[in-house]
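Listed below are the residues making up each chain.
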Amino acid sequence: MSLGVRWTLHGDGKTPAPGAVVRPDERLSWPRTFGLGAQHVVAMFGASFVAPVLMGLDPNLAIMMSGVATAIFLLATKGRVPSYLGCSLSFVGVAATIRASGGDSATVTGAVLVVGAALFLVGLAVQRFGARIIHAAMPPVVTGAVVMLIGFNLAPVTASTYWPQDQWTALAVMLFTGLAVVCLRGFLSRIAIFLGLVFGYVLSWVLDLVFGRIHSPAGGAEAVDHWRLDLSAVGQADWIGLPSFHAPAFEWSAILVALPVVIALVAENAGHVKAVGEMTGDPLDDKLGTAIAADGAASMLSTAVGGPPNTTYSENIGVMAATRVYSTAAYWAAACFALLFGLCPKFGAVVAAIPGGVLGGITVILYGMIGLLGAQIWLNGRVDLRNPLNLVPAAAGIIIGVGGVSLKITDNFELGGIALGTLVVITGYHVLRAFAPAHLKTEEPLLDAGTSAYDEGSGGTDSGPGKS
């Protein structure tokens, strides 16, 4: 059985001919392949740096497990879906909510492990029954609203935790990152978040040299004198060593907060698989369920040892689009680099030292972009918000999710924020649709923008495991 780990040399292994592409089962010379792998690592670093720090997890372990997750994904899809799996930003709001309720890192990873298991089961279901089950449960109005409330639910984290630590650095980083995203071209635009982190890091160091300590909240409620950039832990960290592992803990309240993220992950995976299929010219209908299940399995493994969940990265898809090199050999090289970085505690200490003000500037843009992806799903799905069947559940769910509205069920159990908002959107849409007059239910299309092409000519089923 082929596992997709054999590649034929493309041309002379050097520069592809004008207009030529390097297919997933091809490769360039090994030095060039490892160079491309390093480029993929740099592309994913920005988000993979920020996500574990914002979730309060070990960045070393996050980078290491992203390499493991990528290897699992490539093996599961037999090398047909070139993608990198990095730390998912969709869970940042979940982690913040769980910690605000008294949970710790074990509670966070336990809740996310259950989400990974749910994603794995969704992938198996898509393998068996086809993408129509996604369409039926999660039309664009539902998917877009859930993604939007997940992103905008994070706004208080930026406003109350990161921005106050150094407002002027946060403002400068926000402006620099915004300019980088808009004005840079090609590969540099894909690593704009990473460039913003580097800019903020250097700026904080310069401000410490010029102005000394700053008097502000250092992650807590009370203002104190502190360095913007504290590198004391970097000097104490070893060059080589294992990251910090911990076992997950399971609490129903935390699990219910995290479960809605499954919707965002399914839409994200489906969109990425479709994009890769269009770029490579290889219809990947039969691999959609496998890709979703592989993402879930990789996230389960990562969270089982204390790491963050993983998802396919659009940054790396952008690198492929720019280079026209779709070789999975480059992704294997990237996975190897990530494993090596994970074994360097000093690297993790540098990441953990990112100043709060820098995170403030980054997250203003990052969280907003996550939320507005929901609006993009609406646009792609041509959702008509003039239709009350769409407008009412989306409006109610978003306000509940963003505002942190809660519903107390018993003395020891309540639903709120992301979980309650998602429940309102999904159940509200389907219940209203059941009772709505016929003229409100004729809006087309009802298919999710990321999966609308998967059932065309496929008979509604995947080829199943073991088939290629």
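Below, the structure is looked at part by part. Since this is a predicted model, take the numbers as computed values, not measurements.

### Here's the deal with the packing of aromatic side chains
Argument step 1. Scanning all chains against the criterion turns up four aromatic pairs.
Argument step 2. Aromatic side chains W7 and W30 sit 6.0 Å apart centroid to centroid with 85 degrees between the ring planes, which places their arrangement in the edge-to-face category. Separated by 23 residues along the polypeptide, W7 in the segment before β1 (8-9) and W30 in helix α1 (residues 30-55) bring together distant segments of the chain.
Argument step 3. A relative accessible area of 19% means that W7 is categorised as buried.
Argument step 4. Between F176 and F199 the ring centres are 4.3 Å apart and the planes differ by 5 degrees, which places this aromatic pair in the stacked class. On the criterion of sequence distance, the pair formed by F176 in helix α8 (residues 167-183) and F199 in helix α10 (residues 192-211) is long-range, its members being 23 residues apart.
Argument step 5. Looking at F176, the relative accessible area reads 31%, which means it is partly exposed.
Argument step 6. According to the relative accessible area criterion, F199 is partly exposed, its value standing at 27%.

### Some remarks on the side chain of S66
Argument step 1. Position of S66 among the secondary structure elements: in helix α2 (residues 59-76).
Argument step 2. Residue contacts for S66: discarding those within four places in its chain leaves M44, Y84, L85, G86, N310 and A338.

### Here's the deal with the nonpolar core
Argument step 1. Counting residues in hydrophobic clusters, the biggest one holds 100 residues, and the most contacted among them are V50, M55, I362, Y367 and W378.
Argument step 2. The element that contributes the greatest number of residues to this core is helix α13 (residues 261-280), accounting for nine residues.
Argument step 3. Residue contributions to this core reach at least three from each of two domains, namely domain 1 (27-165 + 213-220 + 233-353) and domain 2 (383-440).
Argument step 4. In terms of nonpolar packing, the next biggest core, distinct from the first, is built from five residues, V22, L28, V325 and A330 among them.

Rules used in this analysis
Residues numbered from 1 in each chain as written. Predicted model: local features only at pLDDT ≥ 70, side-chain atom pairs only at ≥ 80, totals over all residues. Heavy atoms only, no water. Phe/Tyr/Trp six-rings, centres within 6.5 Å; stacked < 30°, edge-to-face > 60°. Helix = DSSP H or I, 4+ residues; strand = E, 2+ residues; numbered from the N terminus. Buried < 20%, exposed > 50% of the residue type's maximum accessible area, 1.4 Å probe, protein only. Contact = heavy atoms within 4.5 Å. Core = buried A, V, L, I, M, F, W, Y, C linked by side-chain atoms within 4.5 Å. Domains from an automatic or database assignment.

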